[in-house]
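Spelled out, the chains give:
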Amino acid sequence: MARTWHELFDTGDDVPPVPAEAEEEPKRRGFFQRLRDNMVKTRQALGAELQATVFQSLDDEAFEHLEETLIYADVGAPTTAKIVERLETEAETGELQGGEDLSRRLRELLAETARVNGDRISLTERPTVMLIVGVNGSGKTTTIGKIAWHLQRELGRSVLIAAGDTFRAAAAEQLALWAERAGCDIVRGEPGSDPGAVIFDAIAAARARGRDVVICDTAGRLHTQQHLMDELRKVRKVISAQVPGAPHETLLTIDATTGQNGLRQAMLFREAVDVTGIALTKLDGTAKGGIALAIAQELGVPVKLIGIGERLEDLRPFDPDDFARAILEP
Amino acid sequence: MFDALSDRLQAALDDVRSRGKLTEDDVSKAMRQVRLALLEADVNFKVVKEFTAAVKDRALGQDVLESLNPGQQVVKIVSDELAAVMGGAGRDLAFARPGPTVILMAGLQGSGKTTACAKLARHLREEHGMDAALAACDVYRPAAVDQLVKLGAQAGVHVYEQGTGRDPVDIAEWAVAQAKRDRRDALIVDTSGRLHVDEELMKELGQLRKRTKPHDVLLVVDAMTGQDAVNVAEQFAETANFDGVVLTKLDGDARGGAALSVRAVTGKPILYASTGEKLGDFERFHPDRMAQRILGMGDVMTLVEKAERQLDERQAQELERKIRRQEFTLDDFLVQMKQVRNMGPLQNLLRLMPGVGQQLGSLQVDERELDRLEAIILSMTPQERANPSVIDGSRRRRIARGSGTSVQAVSQLVKQFTQMKKLMRQMSRGKMPSLEQLAGGR
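Every value quoted in this text rests on a predicted model; they were computed, and no experiment measured them.

Engineer: A description of the sheet that holds strand E9 (residues 303-307) of chain A should follow, citing residues and the corresponding values.
Structural biologist: All names here are of chain A. On the basis of which strands lie adjacent, the open sheet formed by 8 strands has the order E5-E4-E6-E3-E7-E8-E9-E10 and mixed pairing. Looking at strand neighbours, the two that pair on one side only are strand E5 (185-187) and strand E10 (315-317), the edges of this open sheet. If you compare each strand with its neighbour and ignore which way they point, the axes differ by 25° on average. Relative to strand E8 (residues 277-281), strand E7 (residues 249-255) runs parallel, the two being bridged by 5 bridges. By the bridge assignment, Asp255 is partnered in E8 with Thr281. In the packing of helix H10 (residues 226-242) onto the sheet, contacts are made with strand E3 (128-134), strand E6 (213-216) and E7, and the angle to E3 comes to roughly 180°.

In structure tokens form, the structure reads like this:
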């Protein structure tokens, strides 16, 4: 389970002293509290409904409400059906003895579904190259700024950002401001120039300056735009030709408000650039980001990071148990 | 991954005709398929429930069985009802006379507001002949003002901006005064993206509304939005009392059920759809087409319109004449190919065709193949293009070298073209070629 930054990132260093449990606990609750607080702001009936049923009984009505809750969380009909079916079987065989059992097992199943092997991010290569991809408006640029800040601050890694979005107006300017906040280098190209070339230059610069991590931004693109997906393939090829084994991490940003189309996004981006993890952004609204469960279930791609606000520190390692709780709790 | 709803209903209602009677059970079975299709399209759960209940009533009340195909009949009822819920024919903005018409744009982060502002400005200029301007009031997102200024330049409209140092409400008020002084016809106010649960920013949006007194407030909604669309729309309706919706990123393969949800819970119409990376990819919203899209039934109307926009009548007649007289040359072929490609990536066009979208799946159309064909034709002399039969071995080699392809590729193109001409001759004589002939092009 990734909880702290050190647990998420494999730095190759000796693991720093794990803070004592007593210190760890309040910090975690602090974050979770914050996430929950953010979600509580507009209280809709849905959460309350689940609470009312799940804790009371094991009848048809309970299952109906359970299904409703998962659908509302954007988990999607197929994944919801699988979970409900399994719980129904367990209820029939007597493994579940009442509403409380049901909600506990549901939470377990959700966390189990969300937990996928290989959910760490390795930083052992020098330089480690991270490629960030996603559809328009999913939060790539912001996520990059936050990752850079955390890597520099929490893990003491020197970061260089490659402004590979040469298409959108003012994208490089936006990224430059994030780089300034994070206190790291940025390599930019001319608007409209070849993104592969910009990233090539950035990696060369990172090597020359001895930077630990290169984070490559790319222009937002819909997964259905064939020529843009081809461009992305090319960018990836440029990177792996320059640094064997790179990119070491390819993160797909998915907006938590995304519905069932998120699965298509993950499928087509994975096909094009072999996505190794998901950054689930904008979880601070009322959306629950349940599509991440469908992605984990169907494609086996793990969520690694979540975005829960606009500030630099509002990016967190993903935790399946917390996520399962957040989906269900009002 | 998604089956067309029509196929599923077909399967669900397949045995109905043999039994000769449509029972309530049959309809319930069909409604389960409708429900799944709508959920896959991200229509809100509650909206789906109400909707299927309404459709069920109508389906039971009609002589569904009378029709040759009960499955298709139910699909039609569903599609009609969807279009009705989404609000009949499209509606226009409320234009102020005299101007400027002030349009306030609001929405979540990343929904596409800034791009939609520039597209709308261009649309008002091109389609309504208005002198539209933009106001840059997103002072929070880094470089958002830069982005709007650049997009404004691309769209050829003026942008009122005062950097990021001032309060966005003050900037907006100033921009409205400037637009009045400059006698603009319309002013589109870009605002920063905000979460519907962010009290402070929602309060600011209320202020923006109060102080700029917009004639229209538009909510920008990402077509890929899931169940949460309802919460977002309700909150924005409460704070900003928006008049209509701009649906963005419709060029993807999202079914766009959010459109239905938003309309159902707020009653506000969807006015515009944003459909591509270019500023011109912006159009009036068509509820009936959206209904078919949500159901996965393709969108023939959009295809026809795209074709109409690209091919003009005169050219089409000229082409027909050439085909009749067998004067169709490789040059004409080149022009044809270019026109079709102007309509957008082939992949997208195919997706608009009923049934094809699903079958296509992950099959990709290789646009580079078309580039190669173009290169080959462009490497030919005018004489060769008019009469490919003069192309001998040495010409073939020259053309292959010139176009960076192979001799085989050149031969194949010539062969295909000759066969195509033969088919055209048959068709112009009124004979429809057989499918094998059409398919046997290679």
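Now that the structure has been shown, we can carry on.
Engineer: Describe in detail the nonpolar core, supporting the description with residues and values.
Structural biologist: One recurring pattern in soluble globular proteins: nonpolar side chains tend to sit buried together. By size, the foremost hydrophobic cluster in this structure holds 70 residues, and its most contacted members are B:Leu38, B:Leu82, B:Leu187, B:Phe236, B:Leu247 and B:Ile294. Mapping this core onto the domain boundaries places at least three of its residues in each of domain 1 (3-85) and domain 2 (101-297) of chain B. Ignoring sequence-local partners within four residues, the contact set of B:Leu82 consists of B:Leu38, B:Phe51, B:Leu260, B:Ala291, B:Ile294 and B:Leu295. Of all hydrophobic cores here, the second largest spans 67 residues; its members include A:Leu109, A:Ala246, A:Leu283 and A:Leu293.

Engineer: Pulling in residues and values, what's your account of the pairing of strand E7 (residues 270-274) of chain B?
Structural biologist: All names here are of chain B. Most of E7 is tucked away, with 5 of its 5 residues classed as buried. Relative to E7, strand E6 (residues 244-248) runs parallel, the two being bridged by 3 bridges. Note that in E7 the partner of Leu247 across the bridge is Ala273. Handedness of the E6-helix H11 (residues 257-266)-E7 crossover: right-handed. Judged from the 3 bridges that link them, E7 and strand E8 (residues 282-284) form a sheet pairing that is antiparallel. Counted as the bridge partner of Ser274 is Phe282 from E8.

Engineer: Outline the environment of A:Glu180, listing residues and values.
Structural biologist: Residues and elements named next belong to chain A. Mapped onto the elements of the fold, Glu180 is located in helix H8 (residues 171-182). Note on Glu180: relative accessible area 64%, which makes it exposed. Along the backbone, Glu180 and Thr79 are 101 residues apart, and their C-alpha atoms lie at a distance of 42 Å.

Engineer: Before we move on, could you go through the confidence of the model for chain A and cite the residues and values that matter?
Structural biologist: Residues and elements named next belong to chain A. The predicted model of chain A has a mean per-residue pLDDT of 86, with 86% of residues at 70 or higher. Within the model, the stretch residues 17-29 combines pLDDT values under 50 with 5 contacts to residues more than four positions away or in other chains. In the predicted structure, residues 39-55 sits below a pLDDT of 50 and forms 34 contacts with residues beyond four places in sequence or in another chain.

Engineer: Account for the packing of H10(A) against helix H11 (residues 261-273) of chain A, with residues named and values stated.
Structural biologist: All names here are of chain A. Closest axis-to-axis distance for the H10/H11 pair is 8 Å, and the angle between their directions is 40°. With respect to H11, the element H10 is oriented oblique. Across the interface between the two elements, Met229, Leu232, Arg233 and Arg236 of H10 pack against Leu268, Phe269, Glu271, Ala272 and Val273 of H11. Of the residues assigned to the contact of H10 with H11, the class counts are 6 nonpolar, no polar and 3 charged.

Engineer: Break down unusual backbone geometry for me, citing the residues and quoting the values.
Structural biologist: The residue after A:Ala246, namely A:Pro247, is reached through a cis peptide bond having omega -5°. Cis peptide bonds are those with omega within 30 degrees of zero, and the linkage from B:Arg97 to B:Pro98 qualifies with 0°. Its location among the elements puts B:Pro98 in the loop between helix H5 (70-85) and strand E1 (101-107). Not every positive phi belongs to a glycine, and A:Asp274 is a case in point at roughly 55°. Position of A:Asp274 relative to the elements: it lies in the loop between H11 and E8.

Engineer: For the pattern of salt bridges, give the residues involved together with the corresponding values.
Structural biologist: Residues and elements named next belong to chain A. Scanning the entire structure with this criterion turns up 38 salt bridges over all chains. A salt bridge links Arg211 to Asp185, with the shortest nitrogen-to-oxygen separation between them at 2.8 Å. Highlighted residues: Arg211 in the loop between helix H9 (195-209) and E6 and Asp185 in strand E5, separated in sequence by 26 residues. You can call Arg211 partly exposed: its relative accessible area is 23%. Taking the shortest distance from any N to any O, the salt bridge between Lys282 and Asp255 comes out at 3.0 Å. Taken together, the residues span a long stretch of sequence, with Lys282 in the loop between E8 and helix H12 (291-299) and Asp255 in strand E7 at a distance of 27 residues. The same class applies to Lys282 as to Asp255, namely buried.

Engineer: Go over the confidence of the model for chain B with me, naming the residues and quoting the values.
Structural biologist: All names here are of chain B. Confidence in the prediction of chain B, expressed as mean pLDDT, is 82, and 78% of residues score 70 or more. Across residues 432-442, confidence stays below pLDDT 50; counting only partners more than four residues off in sequence or on other chains, it has 14 contacts. For this predicted complex, the interface confidence score (ipTM) comes to 0.82, while the overall pTM stands at 0.77.

Cut-off values and rules
- Residues numbered from 1 in each chain as written.
- Chains lettered and ligands numbered in written order.
- Predicted model: local features only at pLDDT ≥ 70, side-chain atom pairs only at ≥ 80, totals over all residues.
- Heavy atoms only, no water.
- Pairing = 2+ DSSP bridges.
- Helix = DSSP H or I, 4+ residues; strand = E, 2+ residues; numbered from the N terminus.
- Axes fitted to C-alpha atoms, helices over the stretch in contact; angles between N-to-C directions.
- Contact = heavy atoms within 4.5 Å.
- Core = buried A, V, L, I, M, F, W, Y, C linked by side-chain atoms within 4.5 Å.
- Buried < 20%, exposed > 50% of the residue type's maximum accessible area, 1.4 Å probe, protein only.
- Domains from an automatic or database assignment.
- Right-handed = clockwise from strand over helix to strand, strands pointing away.
- pLDDT = per-residue confidence, 0-100.
- Parallel < 35°, antiparallel > 145°, perpendicular 65-115°, else oblique.
- Nonpolar A, V, L, I, M, F, W, Y, C, P; charged D, E, K, R; others polar.
- Salt bridge = Lys/Arg side-chain N within 4 Å of Asp/Glu carboxyl O.

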